[in-house]
Each structure stands twice: as structure tokens, then as C-alpha cells.
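Reading the structure
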Protein chains: 2
Amino acid sequence: MNIGTAARLSGISAKMIRHYEELGLVAGRRLLNGYRDYGESDVATLRFIRHARALAFPLEDVRKLLALWGDRNRASADVRRIALDHVAALEGKAQAMQAMASSLRHLAKHCCGDDRPDCPILDELEKTL
Amino acid sequence: MNIGTAARLSGISAKMIRHYEELGLVAGRRLLNGYRDYGESDVATLRFIRHARALAFPLEDVRKLLALWGDRNRASADVRRIALDHVAALEGKAQAMQAMASSLRHLAKHCCGDDRPDCPILDELEKTL
DNA sequence: TGTGGGGCTTCCCATTATGGGAAGGTCAAG
DNA sequence: CTTGACCTTCCCATAATGGGAAGCCCCACA
């Protein structure tokens, strides 16, 4: 099947499929006319990638997960470690953002928010600290 | 003062100061020898930028905040709106990440994590859904 | 058989914010 | 005068995605 069909079936844009091929995540078989050719297993791979990306796994992790996925002798511990490391990264970033949001919310609470210039938010950003 | 000094005083790398100048966030005065020249107020501006970036304000927001900071007739409501919009964005992303982390944690909990191949994490990523 | 439209190809550029590194000019101290 | 630290600009890289152009290909329809 052509790339457009694979894109529709997998939910990944043709643009991205080409990109993933460049990164070596999906096969790059070609027909005589130069068109890329895909089969059901390629679509399955693309869907796997889509699901992994939906969980925000970086493509480097996706590469490792694909390798483990295709390895009949894999140890589930390897998958688990990649996943838990990623969870830790996600939670770290989420907490950092939540902390910034809280700081700002606190500042905004003390900002009258009318047409006068006084503003603790700007005061805070101005601080020499 | 030279860019290196301003970098030390502001906590922003020389590289980034040049970048901010290119974006029009800081002044670009030059000495006769072509060196950039900074004063105390420039350092204050750079510090303002650093504090805003520490709260993850995108540079476009920083540009607006700098304009408001320098406007004696600003309305604090304008600052407040920028801040609260940013808070909403931060919280949205944080929640999305937290949700992904929770899903993954749930999957990992049911993954024995030994040297056997069975792995609900990969099963989930493989799903046709 | 010719043609039009849609799909495919590659290549370049943009995003957001940051940094590395090279090649070359400048300044100050020894 | 030399040396080393500093400055300049320019190019490249990161992560993931997308837009768009130029050009080739294929099928269906008149």
C-alpha cells in the first residue's frame, strides 16, 4: 500500500512516516516507481509508535521499545525500566510546571488587576534577587 | 560594560544576550570597536527576562511583559491576564503529563518486571484501538 | 490517446530556546 | 611584540512536527 493509505490506517501523517523512516523506526521498502510500499505489519509498527508518542515517549525511547517489542526473548524488566524512567521524567516536569503555576497564581492573587499600574507580578520579575 | 560582564551580572549567557538582542528584547548599543555596551538598566532588563523565563513565560510573553514594565501608564490587568493565561497553559500541560504518567504507572504496576517477555506495557502500545 | 487531478518524491524552511564551535578581530598585561 | 582572554559573526545541533514548492507518476475519463 502507498504511504497515504498507511497514514490513514495508522493515524500518522505521511510527513511523519517519512521522518520515522529517516530515523530508522520504520522500513523503507520501495516499489519500482520509487513509491514507498507498506504492509499490515508496517501499519502495526506505526500504530505502536503513535501509541507510544501519545504517552510522550521520546523517539529514542520508542526506538528501544520497538526493538524490545520485536524481541521474543526480551525481559519485561527492560520495558518496565524505560517506562518508569519516563514516568519519573514526566512527573518531574509536571511538578516543576505546577510549582511555577502556583507561584504565579499566588502573585496574581495579590494583583488588583484593574487599570492602575501597581503590579506585584512585575515587581517580582524586577527583583534583584 | 562588555557582554561578558553583563552575562555574569544578569545570570544570562552571552550567547543568549545576543539572541535576545536579535529578538529585540534588549538594546544593541555598540562601542567604536564593535563590542556591545551595556549599562545597569540593561542588566536589570536581563534579570527581568531571567526571572520571567524561570517561570517559563515564552519569549513572546516576555516581550509583552517588558513593554508593560516600561509603561508608566500600564494597567495591571494587562499583566495579570498574561500571567493567568500562562498559568492556564502550564496547568494544562502539567495535568496532561500527570495523566500520561498515571496511565504508565498503572501499566507498569501490572508488569512483573522480571526476565520473562510478558509485558502489559508493550501489549497496550500494540493495541489496534 | 490525451489530459487533468490527485498522489508521490525530494528539498528547504519554520517552529522554541538554547548551546557548541570555528574563524577572525581586539584589548590589555607582560 | 606576544600571549591570552575577550569580542565579533556565522553555521550547526537539539526534538518533533508541519508547510510548501518543484517535479514525476498513475489512473480514470472523454
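Here the structure is a predicted model, which is why all the values come from computation and not from measurement.

**Some details on the overall build of chain A**
Per the secondary structure count, chain A includes six helices and zero strands. Secondary structure elements of chain A occur, N-terminal to C-terminal, as α-α-α-α-α-α. Relative to its length of 129 residues, chain A is extended, with a C-alpha radius of gyration of 23 Å against a globular reference of 14 Å. If one aligns the C-alpha atoms of chain A with their principal axes, the spans along those axes are about 70 × 40 × 25 Å. Buried positions account for 40% of the 129 residues belonging to chain A. When contacts within chain A are restricted to residue pairs at least 6 apart in sequence, long-range pairs at least 24 apart make up 44% of them. Taken as two groups, the 20 positive and 17 negative side-chain charges of chain A have centres that lie 9 Å from each other.

**Details of the domain arrangement of chain A**
Taken domain by domain, chain A comprises domain 1 (1-55) and domain 2 (75-129). Centre-to-centre, using C-alpha coordinates, domain 1 of chain A lies 37 Å away from domain 2 of chain A.

**Let's talk about the interface of chain B and chain A**
Think of interface size as the accessible area that goes away when the parts come together; that is how it is often given. Taken together, the contact pairs 52 residues of chain B with 52 residues of chain A. Contact between chain B and chain A buries roughly 4,600 Å² in total, counting both sides, with carbon and sulfur atoms accounting for 69%. Considering only the surface of chain B that becomes buried against chain A, B:Leu104, B:Leu122 and B:Leu125 emerge as the three largest contributors, covering 15% of it. Inspection of the chain B/chain A interface yields two salt bridges. Between A:Glu91 and B:Arg105 there is a salt bridge; the shortest N-O distance is 2.7 Å. Elements represented by at least two residues in the side of chain B that touches chain A include exactly α3 (40-54), α4 (59-69), α5 (76-109) and α6 (120-126) of chain B. Within the side of chain B that touches chain A, the residues separate by chemical class into 30 nonpolar, seven polar and 15 charged.

**Looking at unusual backbone geometry**
Residues and elements named next belong to chain A. The phi dihedral of Ala56 is positive, around 65°, even though this residue is not glycine. Position of Ala56 among the secondary structure elements: in the loop between α3 (40-54) and α4 (59-69). On the basis of relative accessibility, which here comes to 24%, the residue Ala56 falls in the partly exposed class.

**Description of helix α1 (residues 3-10) of chain A**
Residues and elements named next belong to chain A. All of the buried residues along α1 are Ile3, Ala6, Ala7 and Ser10. Burial along α1 is one-sided: seen end-on, the buried residues are contained in an arc of 105°. Those residues of α1 that are buried lie in contact with α2 (14-22) and α3. Of the residues one or two after α1, Gly11 is the one with positive phi, at around 80°.

**Here we look at the relation of the copies chain B and chain A**
Mapping chain B onto chain A leaves a residual RMSD of 0.1 Å; the transformation is a rotation of 180° accompanied by 0.0 Å of translation along its axis. Expressed as a symmetry operation, the mapping of one chain copy onto the other fits a two-fold axis. Of the C-alpha atoms belonging to chain B, the one lying closest to the rotation axis is found on B:Ala94, 2.1 Å away. An overlap of 100% is found between the interface residues of chain B and their copies at the interface of chain A, pointing to a shared contact surface.

**Details of the packing of aromatic side chains**
Residue and element names in this part refer to chain B. Across all of its chains, the model carries two aromatic pairs over all chains by this definition. Note on Phe48 and Trp69: the rings are 4.4 Å apart at their centroids and 20° apart in plane angle, and the pair reads as stacked. Of the two residues, Phe48 is situated in helix α3 and Trp69 in helix α4; the sequence distance between them amounts to 21 residues. Among the residues examined, Phe48 registers a relative accessible area of 0% and is labelled buried.

**Things to note about the protein's contact with DNA strand C**
Near DNA strand C, the surroundings consist of 18 residues, among which A:Tyr35, A:Arg36, B:Lys15, B:Tyr20 and B:Arg53 are the closest. In the model, a base nitrogen of DNA strand C is placed 2.8 Å from a nitrogen or oxygen of the A:Tyr35 side chain. Here a phosphate oxygen of DNA strand C and a backbone polar atom of B:Leu59 are 3.0 Å apart. Where the surface near DNA strand C is concerned, the elements lending two or more residues are α1 of chain A together with α2 (14-22) of chain B. For the surface near DNA strand C, the element with the most residues is α2(B), which contributes four residues. Of the residues in the surface near DNA strand C, the class split is seven nonpolar, six polar and five charged.

**So, the packing of helix α1 (residues 3-10) of chain B against α3(B)**
Residue and element names in this part refer to chain B. Following both chains from N to C, one finds α1 and α3 inclined at 45°, their axes separated by 9 Å at the closest point. By the angle between their axes, α1 is oblique relative to α3. Considering the relative orientation of α1 and α3, their crossing is right-handed. Where α1 approaches α3, its residues Ala6, Leu9 and Ser10 are matched on the opposing element by Val43, Leu46, Arg47 and Arg50. Of the residues assigned to the contact of α1 with α3, the class counts are four nonpolar, one polar and two charged.

Conventions we followed
- Residues numbered from 1 in each chain as written.
- Chains lettered and ligands numbered in written order.
- Predicted model: local features only at pLDDT ≥ 70, side-chain atom pairs only at ≥ 80, totals over all residues.
- Heavy atoms only, no water.
- Helix = DSSP H or I, 4+ residues; strand = E, 2+ residues; numbered from the N terminus.
- Rg over C-alpha atoms; globule rule 2.2 N^0.38 Å.
- Buried < 20%, exposed > 50% of the residue type's maximum accessible area, 1.4 Å probe, protein only.
- Contact = heavy atoms within 4.5 Å.
- Lys, Arg positive; Asp, Glu negative; His and termini not counted.
- Charge placed at Lys NZ, Arg CZ, Asp CG, Glu CD.
- Domains from an automatic or database assignment.
- Buried area = accessible area lost by both parts, 1.4 Å probe.
- Salt bridge = Lys/Arg side-chain N within 4 Å of Asp/Glu carboxyl O.
- Nonpolar A, V, L, I, M, F, W, Y, C, P; charged D, E, K, R; others polar.
- Arc of directions from axis to C-beta.
- Least-squares fit on C-alpha atoms with pLDDT ≥ 70 in both.
- Phe/Tyr/Trp six-rings, centres within 6.5 Å; stacked < 30°, edge-to-face > 60°.
- Near = heavy atom within 4 Å.
- Polar contact = N/O pair within 3.5 Å; in protein donor to acceptor, adjacent residues only side chain to side chain.
- Axes fitted to C-alpha atoms, helices over the stretch in contact; angles between N-to-C directions.
- Parallel < 35°, antiparallel > 145°, perpendicular 65-115°, else oblique.
- Left-handed = near helix turned anticlockwise from the far one by under 90°.

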